[in-house]
Amino acid sequence: MSDRKGLQMEFSYVRCRVAETLPLELAPGSPAKRLRAAGNSQSFGPIPGRTKFALQIQHPPFLHNGNQNNSIHHRTTPPTFPAHTFAKLAPPTYLTAHLTSKGVPIRPSGRSPTQFRTPTCHAGSLTHAHGSAVVRCGDTAGVCGVRGEILRVEDVADYRPKMAEEEERVDTEMHSFQNVRREKREDSEEMARLGLLVPNLELATGCSPTHLPGGPPSTLAQTLSQRILTLLHTSNLLSVHDLRIWFRPPASAPICRGQEHEVMREEEEEIVKAEVKAFWVLYIDILFISLDGNPFDAACFALLAALCNTRLPHAWYDADRELVLCSDDPAESKQLHLYDMPVPLSFGVFEGDEEAKGKKWILADMDGFEEGLCRENVTIVVGEEKRVVRIEKDGGGNVGGRDMRRLVELAVQRRREWVLMLRDGPP
Amino acid sequence: MAPTAQPTILSPSELSYLHTSLSLNPPIRPDARSPTSFRPLVAETDLLPSTNGSARLCFADGTEAIVGVKGEVERTGGVGKQIGGAGGEDWWVEVTVDMLGQRDDDAMVVFLAQMIHEGLVADGILRARLVINRRWHWRLYIDILLLSPPHTYPLPLLSLTTHLALLSTCLPAPVAGLEKDDDPLFNDDWDAAIPLYPSASHFSKTKANLSAARPPITLLVISVGDNIFFDPSHAELAVADAVVAVTVASSPSSTDNLNLLAVRTIDPPSRLSSSAAEMGQAIEEGAWKPKTGCICRTVWRKRVGMGVMRGGVGEEVLGGLEGLLKKAYGFEGLHSWMILVYRERFGRYQEHQTLRISTVGWKVTSRRVLDMRTEADMVVSQTGGSYRMG
Amino acid sequence: MDRRRVNGPPGGTAPPCYASTLSGKTHPSPKRTRGANEIRKIFLKTGLTPSASGSAYFELETPPTNYSNSLTNRTSALKLTCTVHGPRPLPRSAPFSPQLLLSTRVKFAPFAARQRRSYIPDSGERDLAAHLETALRGVLIGERWPKSGVDIIVTVLEGEEDRPWDALAAGNQNGRTGGWGMMSILSGCITVASAAITDAGIDCVDVVIGGVAAIVRQPAAPPQLVLDPCPSDHEEVIAACVVGYLQSRDEVTETWAKGNVTASSDGKGTTPMGFNALVDQAVEAAVAARRVLVEAIRESTEAKIQSSQAKLPDKLTSV
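Computed from a prediction, not measured in an experiment: that's the story for all the values here. (Residues numbered from 1 in each chain as written. Chains lettered and ligands numbered in written order. Predicted model: local features only at pLDDT ≥ 70, side-chain atom pairs only at ≥ 80, totals over all residues.)

1. Here we look at the overall build of chain B
Part 1: Assigned secondary structure in chain B consists of 11 helices and 13 strands.
Part 2: A buried classification covers 48% of the 390 residues belonging to chain B.
Part 3: Of the contacts made within chain B by residues no fewer than 6 positions apart, 66% connect residues no fewer than 24 positions apart. (Helix = DSSP H or I, 4+ residues; strand = E, 2+ residues; numbered from the N terminus. Buried ≥ 20, exposed ≤ 12 C-beta atoms within 10 Å, placed from the backbone. Contact = placed C-beta atoms within 7 Å.)

2. Observations concerning the interface of chain C and chain A
Part 1: Counting from both sides, the interface comprises 57 residues of chain C and, opposite them, 69 residues of chain A.
Part 2: Among the secondary structure elements, those contributing two or more residues to the side of chain C that touches chain A are helix 1 (19-22), strand 3 (79-89), strand 4 (101-108), strand 5 (148-158) and helix 5 (275-316) of chain C.
Part 3: Among the elements that line the side of chain C that touches chain A, the one with the most residues is strand 3 of chain C, at six residues.

3. A word on the sheet that holds strand 2 (residues 54-60) of chain C
Residue and element names in this part refer to chain C.
Part 1: Ordered in space as 1-2-3-5-4, the five strands form an open sheet in which the pairing is mixed. Each having just a single partner strand, strand 1 (42-46) and strand 4 make up the two edges of the open sheet. Averaged over all adjacent pairs, the angle separating strand axes in this sheet is 15°, with direction ignored.
Part 2: Summarising the sheet, strand 1 and strand 2 pair through five bridges and their orientation is antiparallel. Of the residues in strand 2, the one forming a bridge with leucine 44 is phenylalanine 58.
Part 3: Helix 2 (residues 123-137) rests against strand 4 and strand 5 of the sheet, and its axis sits at about 140° to strand 4.
Part 4: On top of the sheet, helix 4 (residues 180-200) reaches strand 1, strand 2, strand 3, strand 4 and strand 5; it is set at about 150° to strand 2, its chief contact. (Pairing = 2+ DSSP bridges. Axes fitted to C-alpha atoms, helices over the stretch in contact; angles between N-to-C directions.)

4. Here we look at helix 1 (residues 12-23) of chain B
One turn of an α-helix holds 3.6 residues; hence residues three or four places apart share an orientation.
Residue and element names in this part refer to chain B.
Part 1: The end-to-end C-alpha distance of helix 1, which contains 12 residues, comes to 16 Å, matching closely the 16 Å that a straight helix rising 1.5 Å per residue would cover.
Part 2: For helix 1, the set of buried residues is Pro12, Leu15, Leu18, His19 and Leu22. Along the long axis of helix 1, the arc covered by the buried residues comes to 125°, so they all point the same way.
Part 3: Buried residues belonging to helix 1 abut strand 8 (217-224), strand 9 (227-230) and helix 6 (234-238). (Expected span 1.5 Å × (residues − 1). Arc of directions from axis to C-beta.)

5. What to know about the confidence of the model for chain B
Residue and element names in this part refer to chain B.
Part 1: Of all residues in chain B, 54% have pLDDT values of 70 or greater, and the mean over the chain is 64.
Part 2: By mean pLDDT, the top-scoring element of chain B is strand 5 (residues 136-146) (90), and the lowest-scoring one is helix 10 (residues 352-356) (29).
Part 3: In this model residues 1-5 is a low-confidence stretch, pLDDT under 50, and it forms 21 contacts with partners more than four residues away in sequence or in other chains.
Part 4: Every residue in residues 276-285 scores below 50 in pLDDT, and together they form 12 contacts with partners more than four places removed in sequence or on other chains.
Part 5: Taken together, the chains of this predicted complex give a pTM of 0.80 and an interface ipTM of 0.87. (pLDDT = per-residue confidence, 0-100.)

6. Points about the environment of asparagine 236 of chain A
Residue and element names in this part refer to chain A.
Part 1: Assignment of secondary structure puts asparagine 236 in the loop between helix 8 (219-234) and strand 7 (244-247).
Part 2: Of the residues examined, asparagine 236 has 20 C-beta atoms within 10 Å and is grouped as buried.
Part 3: Counting along the chain gives 105 residues from asparagine 236 to glycine 131, while the straight-line C-alpha distance between them is 19 Å.
Part 4: Those residues in contact with asparagine 236 that sit more than four places away from it in its chain are Lys184, Ser188, Tyr339 and Asp340.

7. Some thoughts on the environment of histidine 117 of chain B
Residue and element names in this part refer to chain B.
Part 1: Along the chain, histidine 117 falls in helix 2 (residues 107-122).
Part 2: Note: C-alpha distance between histidine 117 and leucine 146 (29 residues apart in sequence) is 16 Å.
Part 3: Ignoring anything within four residues of it in the chain, the contact list for histidine 117 reads Val93 and Val95.

8. Some thoughts on the pairing of strand 9 of chain B
Residues and elements named next belong to chain B.
Part 1: With four bridges joining them, strand 8 and strand 9 adopt antiparallel strand pairing. When the sheet's bridge partners are listed, valine 221 is paired in strand 9 with phenylalanine 230.
Part 2: As consecutive antiparallel partners, strand 8 and strand 9 are separated by two residues, and within that stretch glycine 225 has a phi angle of approximately 60°, a positive value.

9. A short note on helix 7 (residues 177-194) of chain A
Part 1: If you check helix 7 of chain A, its first and last C-alpha atoms are 26 Å apart, about what 18 residues at 1.5 Å a residue would give, namely 26 Å.
Part 2: Among the residues trailing helix 7 of chain A, glycine 195 of chain A stands out with phi positive, at a value near 70°.

10. Describing the environment of methionine 99 of chain B
Part 1: In this structure, methionine 99 of chain B sits in strand 4 (residues 93-99).
Part 2: For the pair methionine 99 of chain B and alanine 65 of chain B, spaced 34 residues apart in the sequence, the C-alpha separation amounts to 9.5 Å.

11. Digging into the pairing of strand 8 (residues 236-246) of chain C
Residue and element names in this part refer to chain C.
Part 1: Across the 11 residues of strand 8, nine count as buried, placing the element largely inside the fold.
Part 2: The pairing of strand 6 (residues 208-217) with strand 8 spans 10 bridges and is antiparallel. Looking across to strand 8, one finds that isoleucine 209 is bridged to tyrosine 245.

12. Remarks on the packing of helix 2 of chain B against helix 2 of chain C
Part 1: Across the interface, helix 2 of chain B lies against helix 2 of chain C with an axial gap of 9 Å and an inter-helix angle of 100°. By the criterion of interaxial angle, the relationship of helix 2 of chain B to helix 2 of chain C is roughly perpendicular. Along the contact surface, helix 2 of chain B presents Ala107, Val110, Phe111, Ala113 and Gln114 of chain B, while helix 2 of chain C presents Ser123, Arg126, Asp127 and Ala130 of chain C.
Part 2: Residue composition of the contact of helix 2 of chain B with helix 2 of chain C, by class: five nonpolar, two polar and two charged. (Parallel < 35°, antiparallel > 145°, perpendicular 65-115°, else oblique. Nonpolar A, V, L, I, M, F, W, Y, C, P; charged D, E, K, R; others polar.)

13. Quick word on the packing of helix 2 of chain C against helix 4 of chain C
Residues and elements named next belong to chain C.
Part 1: The geometry of helix 2 relative to helix 4 is characterised by a closest axis approach of 10 Å and an angle of 45° between their N-to-C directions. Compared by their axis directions, helix 2 and helix 4 come out oblique. Seen along the crossing, helix 2 lies across helix 4 with a hand that is right-handed. Between helix 2 and helix 4, the contacting residues are Gly124, Leu128, His131, Leu132, Ala135 and Leu136 on the first element and Met182, Ile185, Leu186, Cys189, Ile190 and Ala193 on the second.
Part 2: By residue class, the composition of the contact of helix 2 with helix 4 is 10 nonpolar, two polar and no charged. (Left-handed = near helix turned anticlockwise from the far one by under 90°.)

Structure (structure tokens):
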């Protein structure tokens, strides 16, 4: 992954020659040893820019301006590269060298393989959104804004009105496990049918050189939007109950179930019936400001932080004006209730360079450089009580059952951290 | 955004020659015009019968544009809003520009439409005219069609054509006795239609109010060296140090003053031309080199010889503009042409003398002339409905 | 309908309609508390997007909101991010260009304004981009990068509103003209793009800074010339002007003025409320903003020098 397009162009020629015709001839010993022998092992630490390597390359003929005999001279004084040049010349070797270093394997970013970046979050900074958050995970940063708009039931093509009785049934019926589950499923089905949640993810903000504006949203952006939409509908994060806007005629306001009102209620049933007049539609827009790997986790964090911050104004149906009106008093606005907190954790599997056959490293929360080197990707989303909400995996078969168990544990651990951060704010 | 569709084909030496001759005092323009004079043009109004107003304008260099204006009645206010603003809304006027071979989201097309729209709504007169009552308003669609490939920067052409079309626009008159919130009904008698920009003669015969309200016009002004030029040709644009589009309208209060509605700098195309050095020519004094940087405020100041903070670019351009426009817009050029239009529409042939002193050639034909009943207009139609002036 | 995005309900939705705006119970609209020649505080930081060649973030201070506690009365503050990608080689298919090709884009986030904005670019955004390009083209020394292009992308996270919410809904905008918020946004775009270009290390003749001035009128008060206007603070904006100004060369790359001003002096000098005074005041605003820009550039340059010094020994080691 190169920072600057210019540099990438500059090196592409050399890299292709290295790969095709001239294997890197390093000093004898294992790759890591060789590299440590050549570089300064002291600086093999968490500061990425300071890592030093010396790479000995058998010079291809095209690099010589003189005759072939000079090659011996060159071999005695090999050129050295700063770390970032090495990373551009031979990315897999660079990463392998880091991961096979003495003691604990460490990634170029200074993290351990399963260590994830701790996100930071700043909520409520946007004026025009009902809820918002600016998040940053390492060098990946994004803004999420949640805005509520009103969908009137007249505008829904085939709307099946849900009566207050049905609503009350939930209260009266026994809260058996199956019933709750069925209710939840029906809720999210209704939410999906009406399209009450509208998440969109935008990468075309110049957040990385590969995502420039102009033209339709990229495949990556489309995929991520759809993944977030699915996550919203399958994770019980929100309930359609909180998005309904009711019309409760004044007469029915004190719904008493006392015996003396029984007769009255039956008589007035036609008039006093409370009904749903409109819904809140949540437009959730996530814009990336900077992208350095793992957009899905960052987007989810931004989404959760923004939803935690969302306060919808108090809304009611005004029968005289035939309008849904809102109160502008902030004290009357209601915090959006989140029923669960689905937390994702994405991993990549790195298989090492040519010499590291059969090895694999599972890297949590990859940055952009690592993403370019990993074919196999895993995303695990966990919810409350260690429930696994979703597992996505593609690109290979290196992760076995035991690994998976470990990864779920890691995701659970991360969820604990996130929930603390989202509920209580940053430490 | 490159103001011209094609990059300049002039060689560095030609550019250098042009630049030098335009920087002289007095300057020499390639077509021997004075810095303030416009090129001859041919105009025609009311040519599209299915529009509320239309105009065609043709510059001598062959560029030609047609503008059609259509009005539609629309309900004011959106969801939850039943009452509209008394002053009207900017978006009630919609300007679209259609150019040969350009997509409708092309930067140039968007820029032109925006610039013309900006000028039209800036003074609030047009918007206010579109209000019918509290619940209804007119929506004005102004469709601009550039028929020729854009040789010169087409902004003045389009603006003048729009101006003409708006002058000829009439909207049906509402039926009398309309209440404040009623659904509007209109008189189907086209003769009773109310002009969008009524001339003074429409309501009162006093001449003083003639310039009371007219659509604004946008002019292109370039500077080369210390000189300012109006209505630049393609070659002159290619060597311009700075290009400014200025939208002006006469102020409603007095006939002498011009009100400035919008000013914007346009990227001069000279920045994109290649310098002499790149073409392999010797770099010497006077060789063509595109100007880096921008309008230097000190250059302007040097010319006026004024103090430090007084006289920025705007003053300089407008200082020139004011004097020049008074001439052009006031009595000689554009104004006389406008008077001609008025005259043809409303029978004011008293301005005939003004026309004669015009330095520019105009030819205006109007089909509506024939429908008019006044004696004066019969005179016009007897002479063939077309004039060609000095 | 854009099938490549998640769309809302097909029936369409409406933004919340507040009861207070219908009943005509209006809150006191915000008032300008700054002096007439005082600009809002600017926060400017470069290097926000490490993967871009250059980037910057711009924010104006949020005015204090102590006048009333209402959801309709929250005033917004301009927030912009800018990324610069390049200069990089043009694609092989592109025709030869002796100069650096500049492409500018301005995009509003969907939550940037009171009404939700679409992802599809509208003409206002394109117009802003054209203005920005004019402002920047005069500054870049383009002939140093033949056959290359640079992309400058500004994202408006939060824009400025033209008028208070009450006025919008109740329809008492007596002859107000719209689009004044765009002027402040353009000024911010120029400044933030300038910072990002400097961060990317592209050669310029000077830093270009945006400045806005406006002639405003309060009810029962004479017109007043103010720097850095916040349109919703004022009853009526008569005219406004944005400049892109180069202080060290005393040049103006971009002028954008709108409104109704008397054209100019009558040969005797500047009229107090004339166009020239407006331009001069906009330049004043730009000069005031320049200090913030220079400070931000100095900070980022110092940080870069430090990190490059730390890296320097790498290149000298050899086996």
